[in-house]
Amino acid sequence: QFHMIKHEDLIWKESLGQGSFTQIYRGGKVDRQDGETHTTDVLLKVLDVEHKNSWESFFEAASFMSQISHTHLLMVYGVSVHKSKNIMVQEFVKYGALDLYLKRSSVSLSWKLDVAKQLACTLNFLEEKNIVHGNICAKNLLLARGGDPNSENSENSPFIKLSDPGISMAMLGKEVVLDRIPWVAPEVLEKLELGQQCDKWSFGTTLWEIFNGGEIPLQRLDPKQKQRFYDQRSQLPCLEWAELADLISQCMQYQAELRPSSRSIIRHLNGLITPDYEVLHASGSVPE
Ligand SMILES: N#Cc1ccc(Nc2nc(N)cc(-n3cnc(CCO)c3)n2)cc1
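Scoring rules and cut-offs
- Residues numbered from 1 in each chain as written.
- Predicted model: local features only at pLDDT ≥ 70, side-chain atom pairs only at ≥ 80, totals over all residues.
- Heavy atoms only, no water.
- Phe/Tyr/Trp six-rings, centres within 6.5 Å; stacked < 30°, edge-to-face > 60°.
- Helix = DSSP H or I, 4+ residues; strand = E, 2+ residues; numbered from the N terminus.
- Buried < 20%, exposed > 50% of the residue type's maximum accessible area, 1.4 Å probe, protein only.
- Lys NZ or Arg CZ within 6 Å of the ring centre and 35° of its normal.
- Axes fitted to C-alpha atoms, helices over the stretch in contact; angles between N-to-C directions.
- Parallel < 35°, antiparallel > 145°, perpendicular 65-115°, else oblique.
- Left-handed = near helix turned anticlockwise from the far one by under 90°.
- Contact = heavy atoms within 4.5 Å.
- Nonpolar A, V, L, I, M, F, W, Y, C, P; charged D, E, K, R; others polar.

**Focus: the packing of aromatic side chains**
Between two aromatic rings, the relevant description is the distance of the centres plus the angle of the planes. Enumeration over the complete set of coordinates arrives at 10 aromatic pairs. Taken together, a centroid distance of 5.5 Å and an interplanar angle of 75° make the contact between Trp12 and Tyr25 edge-to-face. Pair noted here: Trp12 is in strand 1 (residues 10-19) and Tyr25 is in strand 2 (residues 22-33), with a separation of 13 residues, a long-range link. Residue class for Trp12 comes out partly exposed when judged on its relative accessible area of 28%. Aromatic pair Phe229 and Tyr230: ring centres 6.1 Å apart, planes at 45°, arrangement tilted. We note that Phe229, like Tyr230, is buried. Here the aromatic residues Phe2, Trp55, Phe58 and Phe59 are joined through ring pairs into a cluster of three or more. Directly above the aromatic system of Trp12 lies the positively charged group of Lys85, at a separation of 4.4 Å from the ring centroid.

Put into structure tokens, the structure is as follows:
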């Protein structure tokens, strides 16, 4: 399952905002090893009290992350329960959530393609283990490196960690699931159960976010209009980079079995050459 961490071994620092149904804080975890005490930087994710009846699902997400390890999967150290507080203790990822980072910073197409490839590899890892994450989105991608643009080259390349899936759809009300359109695969909306192909759909939506600078897809639609978006088999506005738009629409096919395998997604991404204007502009050989 997961490691239980004593509340007295946790240090609480500043609040860093919230996730879905959670508050997040910067913190520390004290480990006592043969007389020495060592403090690890952690992220403390506290389940909102009004959702405390979803604590099993919250801890299921923690044990999901604790039982698989991969270079692009977030490390979850364990959980702590104190009075009515349910706390997930995660590794502190230096630059935080990718959606916020993309809104604040301008990054190159090759930077974005690098992130997309890392996410595709993670998807492949999960698919080979027949594991479904169920909540892939830019908000759940954390940037461990490559967050400060003016650092020299090697530091500049991004490195992502996929966060925990959070409370499962089954526990969330229909309203909340509707609000996850267009990340939630259409078949999940109907049956409220996660199938292998649903992560591919969400991968497509997450690609759209990454290559649209963190813009929130369908932001202005209310839940009813979002339901209609699926009822009418609508697609997101397509990007100007045609080859990438093509991959996104392949992943976001309403017929789940037609979505590409993660291996073909990786092949497609490896076959993409960042369009010249990006390179030419970067080298300054094309007047701005
Ligand atoms: N300024 C700033 C700053 C904020 C946060 C981090 N680090 C970190 N580490 C994690 N393990 C998880 C998260 N996290 C962020 N948002 C969510 C909820 C939505 O996913 C989770 N952030 C680093 C810098």
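After presenting the structure, the write-up continues.
**Brief notes about the packing of helix 7 (residues 198-211) against helix 9 (residues 242-251)**
Across the interface, helix 7 lies against helix 9 with an axial gap of 7 Å and an inter-helix angle of 150°. Taken together, helix 7 and helix 9 sit at an angle that is classed as roughly antiparallel. Judged by the twist between their axes, the crossing of helix 7 over helix 9 is left-handed. Where helix 7 abuts helix 9, its residues Lys200, Trp201, Phe203, Gly204, Leu207, Trp208 and Phe211 lie against Leu244, Leu247, Ile248 and Cys251. When grouped by side-chain class, the residues that make up the contact of helix 7 with helix 9 number nine nonpolar, one polar and one charged.

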